[in-house]
Amino acid sequence: MRTSVTNGLSHKEQEVYDLLDPQRLPHHIAIIMDGNGRWAKRRHLPRIAGHKRGVEAVRGTVETASRVGIPWLTLYAFSVENWKRRPKTEVSFLMRLLVTYLKRELSTFNDNNIRLEYIGRRLELPDEVQETMQWAQDATAKNTGTVLTLALNYGARSELADAFNSIVDAAAKNGGLEHLRKQLIDEETIGKHLYTSHLPDPDLVIRTSGEMRLSNFLLWQLAYSEIYVTETLWPDFSGKHLLEAIADFQKRERRFGGLAEHSA
Ligand code: FPP
């Protein structure tokens, strides 16, 4: 049994962590945070109470990921569809919650050496939200630990559309479209024009609240990721759950389209 205590882990987290192989932690974990509304409904509370508790779950998850040394963590906080399909009051509550979260958590980010990044159509977000996002990103830009990427106003299909337009724009500025036609567009070129060009593909994607869907999240980047679905609703998700997901990931055999080791 290992005797070392990983900096700042709770007793329960440490118990799960001790079962993990620290050499085989996933490099990039992406999470679809779902179930805030159901969490609130079960308690006869308004949906926004679920979102408030959801922020606490974000804090715990981010801290644990950083403490065990996960280099990249990406959280799906707000989809492009959320604008259209939720009441305006809920959307503006989520925007305010995000601003408060970024302001309040800055010291946590800096204390834990966490760098903030964003993916999504941020220019469509309210001005105050954009300004706070930029402020928090600048204030953490020099940190060298976990990169926390928040997907805000994000949709995988709009990301692909934006990438294709960006490829055409770049070509128009650099030798014109004839030049582009000679080069052929390959997977590497597309990857460089995605919002995630600062990230490796996720090794593990976690979805809470039991739904078996990707919901337009990182469709290109999740091609070979391991999927872990838990019944736990997002506000109940904690660092311990994150470590349990990693334990499950470590049992999987990743083949990337090749053969299983024993059949080679
Ligand atoms: C899904 O729950 C969750 C969201 C749409 C928003 C996620 C937001 C948070 C966790 C809080 C804010 C985040 C940050 C980073 C400050 P749902 O409302 O779809 O739940 P339901 O499916 O049970 O209705």
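Residues numbered from 1 in each chain as written. Predicted model: local features only at pLDDT ≥ 70, side-chain atom pairs only at ≥ 80, totals over all residues.

Running from amino to carboxyl end, helix α3 (residues 47-67) crosses helix α5 (residues 88-111) at an angle of 30 degrees, the nearest separation of the two axes being 11 Å. In terms of orientation, α3 lies roughly parallel with respect to α5. Crossing geometry of α3 relative to α5 is assigned as right-handed. On α5, the residues that touch R47, I48, H51, V55, R59 and E63 of α3 are E90, F93, L94, L97, Y101, E105 and T108. Residues of the contact of α3 with α5, tallied by class, amount to 6 nonpolar, 2 polar and 5 charged. (Axes fitted to C-alpha atoms, helices over the stretch in contact; angles between N-to-C directions. Helix = DSSP H or I, 4+ residues; strand = E, 2+ residues; numbered from the N terminus. Parallel < 35°, antiparallel > 145°, perpendicular 65-115°, else oblique. Left-handed = near helix turned anticlockwise from the far one by under 90°. Contact = placed C-beta atoms within 7 Å. Nonpolar A, V, L, I, M, F, W, Y, C, P; charged D, E, K, R; others polar.)

Time to look at the domain arrangement of the chain. Domain annotation for the chain reports domain 1 (13-71 + 82-113 + 121-153) and domain 2 (155-200). Averaged C-alpha coordinates put domain 1 and domain 2 at centres separated by 28 Å. (Domains from an automatic or database assignment.)

This part is about the nonpolar core. In this structure, L75 and Y76 are the most contacted members of the largest nonpolar core, which totals 57 residues. Viewed by domain, this core spans two of them, domain 1 (13-71 + 82-113 + 121-153) and domain 2 (155-200), each represented by three or more residues. (Core = buried A, V, L, I, M, F, W, Y, C linked by C-beta atoms within 7 Å. Buried ≥ 20, exposed ≤ 12 C-beta atoms within 10 Å, placed from the backbone.)

Okay, the environment of I70 next. Inspection of the secondary structure assignment puts I70 in the loop between α3 and β2 (72-79). When neighbours within four sequence positions are excluded, I70 is seen to be in contact with L25, P26, I29, A65 and T146.

So, on to the site of the ligand. Residues in contact with the ligand amount to 19 residues; listed here are only the nearest, N36, G37, R38, G54 and Y101. For the shell around the ligand, the secondary structure elements donating two or more residues are α2 (36-42), α3, β2 and α5. Per-element accounting of the shell around the ligand gives the leading share, 4 residues, to α3. Taken together, the residues of the shell around the ligand break down into 10 nonpolar, 7 polar and 2 charged. (Near = placed C-beta within 6 Å.)

The end-to-end C-alpha distance of helix α6 (residues 127-140) is 20 Å, a good match for the 20 Å that 14 residues give at a rise of 1.5 Å each. By the burial criterion, the buried members of α6 are V129, A136 and T140. What you see down the axis of α6 is that its buried residues fit within an arc of 35 degrees, all on one side. Of the exposed residues in α6, the ones pointing more than 90 degrees away from its buried face are D127, E131 and D138. For α6, the secondary structure elements touched by its buried residues are α5 and β3 (115-119). (Expected span 1.5 Å × (residues − 1). Arc of directions from axis to C-beta.)

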